[in-house]
Amino acid sequence: MKLSHALAAVIVAWCAVLGCIQAVSLEVKEGNSTCIKTELFASFSITYNTSNSTRTVPVSLPDSATVDAGSSSCGTDGSSPWLVATFGPGHALGLSFSTNGSLYSVANLTLQYNLSDTSVFPGSNSSDVVTVVSSSVGIWATVNTTYCCLSPTTFPLGGANVTFSNMRLEAYMPENDLSPRESVCMADQASTTAPPTTATSATTTVPPAPTPPGSPERGIYSVNNSNGTVCLLAQMGLQLNVSYFSQSQNKTVQALVNLNPNLTSSSGSCEASSASLILTQERTTTLSFTFALNSTGNKYHLSAITLLANWSDMTAPLSASNTSLDYLRSTLGHSYKCSAEQILAVVPAFSLNTFRLQVQPFGVTTSQFATAEECQMDKDQMLIPIVVGAALAGLVLIVLIAYLIGRKRNHAGYQTI
């Protein structure tokens, strides 16, 4: 009860300072032209430290939030488009965008909060302005369409969570108003029941079941840093296991699709504690990997996977993302290797199958993989023939000993005359 009163008091204080919670409309303009526009509800759950405990407070983006003209941009001169909304004393929400020509996406989601704001963070033992960032959040849409997501969607950012709902967003806008054509998010597609079919007298031809694609071809991918040297290496065969609503079959289908290295380009970035690899196939499929490095333990792992797909049989583009993964764990200065097939579960509608994988996102020094740390499945597969060989050797030894003992007893039965 005391906790409920405390949270209620915080919310009341927040509303008193920043205004009541309503849908927020924001837009970035260049001259008389609008390039980014959004209408959304946004709320934040922020954890901070007091002198003797840890607290988590709810915060909402108020309708008094305004676009920071100095930080926001339409992305001229090669820079990324940015929408930065400021509210209260030193708080801000930022979204940067990128595009491959046919799709646009939120490249980075940023939250800035000021711990010296005692009306929101009472008893905070810090007065710092904290900035947390998340990349590959899975917000994307086809160019010249509006990204639409009514369902609440939560994104983790360090010690905070950001939840969007009733969100309509468009970047790289050709007109000043949001496009009437919509790219619906995966969460809304999953919650929408497929329209019932009406029986007719016409005979319906059921399409044949697709042939399994077999093992994918192994691709070789790399990322260069700003001085042109290789900072990330990857060799792997990739197979997408995706559920989506089929336009031709009028039902949800599950498809296995191999990524073709000959049709796939790679890009990405390398930072001190994070690295990304982005694979794009024919502007219809974008697969992003994010790796995180724990400098304290000198361990790295695959922390996020995002799939953006816009295939011809889909009723709407598909977006699937998970930013709290823990796969492909290895040690700094080593590569991670797994020749066996691995199934990396991402979300219920999407998993990724990897074949003959070797990756090194940190500590690349010679444009070649460092000594590999092998996955447990490879170790088990190596152990099986050793165990079988040892068992056969033991069996042969037992037979040989039994034979020698029997022969010795036969000799002992004869007496010299």
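Anything mentioned here points back to the structure above.
Values in this document were obtained by computation on a predicted structure and should not be read as measured data.

### Overview of the overall build of the chain
Argument step 1. Helix and strand counts for the chain come out as three helices and 26 strands.
Argument step 2. In the chain, which comprises 417 residues, the proportion classed as buried is 41%.
Argument step 3. Put simply, of all contacts in the chain between residues at least 6 apart along the chain, 57% involve residues at least 24 apart.
Argument step 4. By element, 55% of the accessible surface of the chain is carried by carbon and sulfur atoms, the whole surface being about 21,900 Å².

### Quick word on the environment of I46
Argument step 1. Along the chain, the position of I46 falls in strand β2 (residues 33-49).
Argument step 2. For I46, a relative accessible area of 2% translates into the label buried.
Argument step 3. A C-alpha to C-alpha distance of 9.2 Å links I46 and F121, two positions 75 residues apart in sequence.
Argument step 4. Excluding its chain neighbours within four sequence positions, the residues that come into contact with I46 are R55, T56, V57, V59, L111, Y113, F121, G159 and A160.

### Side note on the pairing of strand β20 (residues 299-309)
Argument step 1. Of all the 11 residues making up β20, 10 are buried; the element is thus mostly covered by neighbouring parts of the structure.
Argument step 2. Where strand β19 (residues 285-294) folds back on β20, the antiparallel hairpin that results is connected by four residues, among which N298 adopts a positive phi of roughly 55°.
Argument step 3. Where β20 lies against strand β22 (residues 327-331), three bridges are found, and the strand directions are antiparallel. For Y300, the partnering residue across the bridge sits in β22 and is S330.
Argument step 4. Bridge count between β20 and strand β21 (residues 318-322): five bridges; the pairing is antiparallel. If you follow L308 over to β21, its bridge partner there is S319.

### Digging into the environment of S248
Argument step 1. Topologically, S248 is positioned in the loop between β15 (230-246) and β16 (251-258).
Argument step 2. Accessibility expressed as a relative area gives 59% for S248, which makes it exposed.

### Some words on the pattern of salt bridges
Argument step 1. Evaluated as defined, the whole model comprises four salt bridges.
Argument step 2. With a shortest N-O distance of 3.8 Å, E39 and R168 are connected by a salt bridge. Remark: R168 occurs in strand β12 (residues 160-171) and E39 occurs in strand β2; sequence separation between them is 129 residues.
Argument step 3. Exposure remark for E39: the relative accessible area of 30% places this residue in the partly exposed category.
Argument step 4. One salt bridge connects R168 with E182, and the closest N-O pair in it is separated by 3.5 Å. Of the two residues, R168 sits in strand β12 while E182 sits in strand β13 (residues 182-184), which places them 14 residues apart along the sequence.
Argument step 5. Note on R168: relative accessible area 24%, which makes it partly exposed.
Argument step 6. Taking relative accessible area as the criterion, E182 reaches 38% and is therefore assigned partly exposed.

### Notes on the nonpolar core
Argument step 1. Counting 45 residues, the largest nonpolar core has F44 and F164 as its most contacted members.
Argument step 2. Counting residues per element, this core draws most heavily on β2, which supplies seven residues.

### Focus on a nonpolar patch on the surface
Argument step 1. Together, L397, L400, I401, Y403, L404 and I405 line one region of the surface with nonpolar side chains, adding up to about 570 Å² of accessible area.
Argument step 2. Classification of L397 as partly exposed rests on a relative accessible area of 48%.

### Side note on unusual backbone geometry
Argument step 1. A positive phi angle, near 45°, is found at N166, a position not held by glycine.
Argument step 2. Here N166 is to be found in strand β12.
Argument step 3. Given a relative accessible area of 37%, N166 falls into the partly exposed group.

### Topic: the side chain of S179
Argument step 1. Mapped onto the secondary structure, S179 falls in the loop between β12 and β13.
Argument step 2. Overall, S179 belongs to the buried group, its relative accessible area being 10%.
Argument step 3. Those residues in contact with S179 that lie beyond four places of it in its chain are N144, T145, T146, R168 and E170.

The rules behind each value
Residues numbered from 1 in each chain as written. Predicted model: local features only at pLDDT ≥ 70, side-chain atom pairs only at ≥ 80, totals over all residues. Heavy atoms only, no water. Helix = DSSP H or I, 4+ residues; strand = E, 2+ residues; numbered from the N terminus. Buried < 20%, exposed > 50% of the residue type's maximum accessible area, 1.4 Å probe, protein only. Contact = heavy atoms within 4.5 Å. Areas by Shrake-Rupley, 256 points an atom, 1.4 Å probe, with all protein chains shown as cover. Pairing = 2+ DSSP bridges. Salt bridge = Lys/Arg side-chain N within 4 Å of Asp/Glu carboxyl O. Core = buried A, V, L, I, M, F, W, Y, C linked by side-chain atoms within 4.5 Å. Patch = residues over 30% accessible without salt bridge, like charges linked within 9 Å, V, L, I, M, F, W, Y side chains within 5 Å.

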